[in-house]
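Chain residues, written in single-letter form:
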Amino acid sequence: MSDISLTASMRTNLLSLQSTQSLMDRTQERLSTGKKVNSAIDNPSSYYTAQNLTNRAGDLEALLDSMGQGIQTIKAANEGIESITAFVQQAKAVANTARDTALSTEAESAGVYVPEDGEMVITVGDETLTATIDAGTETGIAELVTKLEGGTAAGTSGGGTAYADLSFTIEPNADETGIIIKAKDGAKLSGSATISNGMGLTLSGKIDTTARDNSLEQYNDILNQINQLASDSSYKGVNLLKEDDLKVIFNEDRSSFLEIEGRDATTEGLGLAAVTDWSTNELVDTTIEEAEGAINTLREMASEFGNYYSIVQTREEFTENLVNVLEEGSDKLVLADMNEESANMLALQTRQQLGINALSLASQAAQSVLQLF
C-alpha cells in the first residue's frame, strides 16, 4: 500500500495535531494520577530520587510502630513502679503502726529467797546479765531487788557490776514473796537462778505480741502483692521490672538505638524481707528502714524509666516529622500542579480545535480540484 500523498500544509497541520494530542495524553495522565513523573521514562533523576525518599520514609514509618511499642513497655513499667511504691508506703505505715503498739511482758519468781551462794542469770535480748548473791547470807526479796537493780552484788566478777541501762525493771510482787521482772520497750525476757543447796528460782516471760502479729501478717501480705504486681507489669512479653532488657531502634540501618536495662522491683530487688518477729522495737525499726530504702530505690527507678520514656518519645516525634519531610520532598519531585495541568489541558484543547480548523482549511485547496469534474 503506497503512502498517501498530503500537501505540505496538510502534513504540517497533521503533525501539529499529533503533537497536541500527545501533550493532551500526557496532561490527562497527570490529571488522573496527580503525578507529573509516573515512571523513569518521564524523568529518571526525579523518579529514582523520589523512590529512594519514599522507601526511606516507609522504613522509618515501620520503626515508628516499634518505638510506640517501646513507649508502651516503659509505661507499663512506670505504672508498676507507681503501684509498688504505694504498696511499700502502705507496708511502712503498717510497720509504724506496729512500732506504736506497746508490748507487755512480765515474769514472777517461784522462790522466796536465796539462802546461800547462788547465781541468777537473766537474758534480755542478746545480753546475758549475771548477779551473784553473797555467800551464807539469807537474802530477802527487797534486798535481792536492790542488789539486782543497783549492781551491788559481790561475786566471781571481783566486784559489783552496774546494770543502770537494763531494758527491764525489777520489783517485789504484792506480798513480797517473789519478784516481778518486766521488760521495757519490747525486750525479750527469760532467765533462771541456781543455788548451791538445790533451791531454784525460775523466771519465764513471753511477750504479748498479738497486736503486732496482726500487723506482721498484713506486712507480709503486702510483700506478696508487690511480687505479684512486679510480675504483672509486663508488655508483650517484656517485663522491665523483672530485669528484662529492651532495645528500641531509631533508624533504618539500626545504627541509632536505645538500650533500656530492666530493674528488679520484686521484694528481693528492693531489699524487703518477710518478717517473722516484731517482738522488739529494734526489729520493727529495721523493717521500717528497709521500707524507706525500698521507696528511695523505687523513686530512682521511676526517674530512670522516666528518662527513657522522654528519650523514646522525643525520637518518635522526630521520626514522624522526618517521615513527613521525606514524603514532602518526594512529592515535590513527582507530584503535578493540578492547577497548571488543568490550564494546560484547556490550552491544548483550544490548540487542538484550532489545528483541526487549520487542517480543514488546508484541505480546501485539494478539494477545489473536484470542481473541475
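Placed above this text is the structure.
Note that the structure is a prediction, hence the values are computed from the model and not measured.

Rules of the game
Residues numbered from 1 in each chain as written. Predicted model: local features only at pLDDT ≥ 70, side-chain atom pairs only at ≥ 80, totals over all residues. Heavy atoms only, no water. Phe/Tyr/Trp six-rings, centres within 6.5 Å; stacked < 30°, edge-to-face > 60°. Helix = DSSP H or I, 4+ residues; strand = E, 2+ residues; numbered from the N terminus. Buried < 20%, exposed > 50% of the residue type's maximum accessible area, 1.4 Å probe, protein only. Salt bridge = Lys/Arg side-chain N within 4 Å of Asp/Glu carboxyl O. Expected span 1.5 Å × (residues − 1). Contact = heavy atoms within 4.5 Å. Patch = residues over 30% accessible without salt bridge, like charges linked within 9 Å, V, L, I, M, F, W, Y side chains within 5 Å. Areas by Shrake-Rupley, 256 points an atom, 1.4 Å probe, with all protein chains shown as cover. Lys, Arg positive; Asp, Glu negative; His and termini not counted. Charge placed at Lys NZ, Arg CZ, Asp CG, Glu CD.

**Q** Any chance you could explain the packing of aromatic side chains here in plain terms?
**A** Two descriptors summarise a pair of aromatic rings, namely the distance from one centre to the other and the angle between the planes of the rings. Using the criterion set out here, one finds 2 aromatic pairs in the structure. Note on F305 and Y308: the rings are 6.1 Å apart at their centroids and 55 degrees apart in plane angle, and the pair reads as tilted. Of the two residues, F305 and Y308 both sit in helix α6 (residues 281–334), 3 residues apart, roughly one turn of that helix. Note on accessibility: F305 and Y308 belong to one class, buried.

**Q** What is the right way to read the pattern of salt bridges from this model?
**A** Tallied over the entire structure, the rule returns 6 salt bridges. Residue E300 is joined to R263 by a salt bridge in which the shortest nitrogen-to-oxygen separation is 3.9 Å. Here E300 is found in helix α6, whereas its partner R263 is found in the loop between β9 (257–260) and α5 (267–270), with 37 residues between them in sequence. A residue is classified by how much of its surface remains accessible, and E300, at 46% relative accessible area, is partly exposed. In this structure, the salt-bridge partner of K332 is E328, at a minimum N-O distance of 3.8 Å. In this pair, K332 and E328 both sit in helix α6, 4 residues apart, roughly one turn of the helix. Relative accessible area serves as the criterion here: at 46%, E328 is assigned to the partly exposed category. Through salt bridges with shared partners, one network takes in R263, E300 and E304.

**Q** Is there a simple way to think about helix α4 (residues 210–231) in this case?
**A** Given 3.6 residues per helical turn, the α-helix brings residues three or four places apart onto the same face. For α4, built from 22 residues, the straight-helix expectation of 32 Å at 1.5 Å per residue is met to within 8% by its first-to-last C-alpha distance of 32 Å. When α4 is considered as a whole, its buried residues turn out to be R212, S215, L216, Y219, N220, I222, L223, I226, L229 and A230. Among the structural elements, α2 (44–100), α5 and α6 are those in contact with the buried residues of α4.

**Q** Sorry if this is basic, but what is going on with a negative patch on the surface here?
**A** Residues E243, D244, D245, E259, E261 and E268 make up a contiguous surface patch of negative charge. Within the secondary structure, E261 is located in the loop between β9 and α5.

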